[in-house]
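An overview of the molecular structure
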Amino acid sequence: MATMLLSTHGTNGDVLSFVRLGAALAERGHDVTIATHARYAPTVRAADIELVPIDTEDEYVRYLADARDMLDARVGSARLPDLLGHYQRNDLFGQLRREVEAAVARHRAGATVLVGRHTSGLATLIAAELLGAPSVWVALTPAQQLLLPVQVHLHRSTLAAGIDAVRADFGLAPVDDWAAWMSGADRQLGLWPRWFDKAGPPTVEAVEPVGFLLNDAAESGDLPPEVERILADPSGPPVLVAASSGQMLWEPFYAAALYACRRVGRPVILVSPHLDALPDPLPAGVSWFPRLPYRDLVPRVAAVIHHGGIGTLGRCLAAGVPQVVLAHSFDQPDTGARLQRCGVARFLPSTRWAPETAAELLTEVLTDARYAERSRRFGATVDPTTTATRAAERIEALLAPPPAGSGAGPPVVAQAGRETTMP
């Protein structure tokens, strides 16, 4: 049995796949801890792994709202993001320090692997350097790895003093080569398949694509009676408008998406945890829910309009359902463009979110049977169990082999889950 220390930050797309990976490692007999937001405590507990909460529920809500305000994703905004202020207002340097402390407290020499989300998992790199333990950076999308030079520049020019102060607390010297340090994990995994990598600018050879990793356990459940009634509507299956679990969408997304649905004459299921961002009142024919179990819902809708999040697009592919991607920032334009090149979706960047254009694209994916056919073909390659196993094997390969003649074999007994506070 080894100690696996995972670290991830963000929203559902960033966290649920890491919890699934942690569950796979626990099933293989390892002692697994994940440092992430307290908001995900029930999901982590259900996976029988240990949680180190990096914040409180209230702090997480403020963090999401501050990220929205800091980036100001609205088209035409000329305001530069205040990245350093975002870190300071949300005590992210303090979080970084506490994550390293958690790794130090749980480290076992020769039997620990540190696994962090690409770019945000700086605690993984610091702890690996401090402890001499192997490290893995896991990218959720190709763009996370492709944009590494930009992230290197931002960290070096804006965040270096704060990160170096954390390093100094543990007796480490300042980073002298940010590009080398942020590329220094012993292994890099990509949570997408090779065909997705080939559908756009390819990532570097060091990245190992292992496949889309969906968390079926966290996204399963009974659908409410009202949803069942909508799904049985004689006008045909509804369109799902799936908003981000974060707060990075705003009025034009909903205006374009809901207008498109009205034009095609389909009932609409709108899922968003952020009611304050939605049109008020909602148009006729639109039923709002804060959250729904996508594993059970998505296979029963006609199409999905979403922002380009990796978890949602993977779920659509697994269900063989066509997509319209209205993407505005980060990795979303890249993922939308890759899906469009594969013929399973149509994609619009935020500068082209005209309601009429969105309606034309939704009409196209609903009426052209080739979108559903290609979605089913690519969807046949989405196997969360195989992906989780493949990723776990890559991580385990970094462990030192047992001494010759020790008789030690692969671990088989999973550990019970528990929740702790920061040491």
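Refer to the structure printed above.
One numbering rule holds for all chains: residues counted from 1, following each sequence as written. Per-residue local features of the predicted model are confined to residues with pLDDT of at least 70, and side-chain atom pairs are confined, for both listing and counting, to 80 or more; whole-chain, interface and lining totals are unaffected and use all residues. Hydrogens are left out, water is left out, and the side-chain values use all remaining heavy atoms of the structure.

1. A look at the nonpolar core
Short version of the rule: Grouping buried Ala, Val, Leu, Ile, Met, Phe, Trp, Tyr and Cys residues that are joined through side-chain atoms within 4.5 Å yields what is termed a nonpolar core. For the exposure calls, accessible area comes from a 1.4 Å probe over protein chains only, and a residue counts as buried if that area is under 20% of its type's maximum, exposed if over 50%, partly exposed in between. Labels follow the DSSP assignment, with helices taken as runs of H or I lasting at least four residues and strands as runs of E lasting at least two, numbered in each case from the N terminus. Residue contacts are counted whenever heavy atoms from the two residues lie within 4.5 Å of one another.
With 82 residues, the main nonpolar core has Leu6, Val115, Ile163, Trp181, Phe212, Leu317 and Ile395 as its most contacted residues. For this core, the element with the highest residue contribution is helix α1 (residues 12-27), accounting for 9 residues. If near-sequence neighbours (up to four positions away) are discounted, Ile395 is found in contact with Met4, Leu21, Leu25, Val113, Val115, Val136 and Leu189.

2. Some points on the pairing of strand β5 (residues 135-139)
This is how the line gets drawn: Being paired, for any two strands, means DSSP has found at least two bridges between them. Crossover handedness is defined here as right-handed if the route from the first strand over the helix to the second strand goes clockwise, with the strands pointing away from the viewer.
When you tally the buried positions in β5, you get 5 out of 5 residues, the bulk of the element. Of the two faces of β5, the one lined by Ser135, Trp137 and Ala139 and the one lined by Val136 and Val138 are each fully buried. Examined bridge by bridge, strand β4 (residues 112-117) and β5 share 4 bridges and lie parallel to one another. Counted as the bridge partner of Gly116 is Trp137 from β5. Crossover handedness for the path β4 to helix α6 (residues 122-131) to β5: right-handed. Bridge analysis of β5 against strand β6 (residues 187-190) gives 4 bridges, and the strand direction is parallel. In the sheet register, Val138 faces β6, and the bridge partner there is Leu189.

3. Details of the sheet that holds strand β12 (residues 323-327)
Under the convention used in this document: Axis angles are defined between N-to-C directions and span 0 to 180 degrees, where every axis is a line fitted to C-alpha atoms and, for a helix, only to the segment in contact.
Taken in spatial order, the 6 strands of this open sheet run β10-β9-β8-β11-β12-β13, and their pairing is parallel. Every other strand in the sheet has two partners, leaving β10 (286-289) and β13 (345-349) as the edge strands with one partner each. Geometrically, the sheet is characterised by an average inter-axis angle of 15° between neighbouring strands, direction not taken into account. Looking at chain direction, strand β11 (residues 303-306) and β12 are connected through 3 bridges and run parallel. Across the sheet, Ile305 pairs through a bridge with Val324, a residue of β12. Helix α16 (residues 355-367) rests against β8 (239-242), β11, β12 and β13 of the sheet, and its axis sits at about 170° to β13.

4. Describing the packing of helix α5 (residues 92-106) against α6
Our working definition: Oblique is the label for every angle not falling under 35 degrees (roughly parallel), over 145 degrees (roughly antiparallel), or within 65 to 115 degrees (roughly perpendicular). Each crossing gets its handedness from the near helix: less than a right angle anticlockwise from the far helix is left-handed, clockwise is right-handed. Gly is placed with the polar residues, together with every amino acid not listed as nonpolar (Ala, Val, Leu, Ile, Met, Phe, Trp, Tyr, Cys and Pro) or charged (Asp, Glu, Lys and Arg).
Two elements in contact, α5 and α6, have axes whose closest approach is 9 Å; the angle formed by their N-to-C orientations is 45°. Overall, the two elements α5 and α6 adopt an arrangement that is oblique. As for how α5 packs across α6, the hand of that crossing is right-handed. Seen from α5, the contacting residues are Leu96, Glu99, Val100, Ala103 and Val104; seen from α6, they are Leu122, Ala123, Ile126, Ala127, Leu130 and Leu131. Split by residue class, the contact of α5 with α6 holds 10 nonpolar, no polar and 1 charged.

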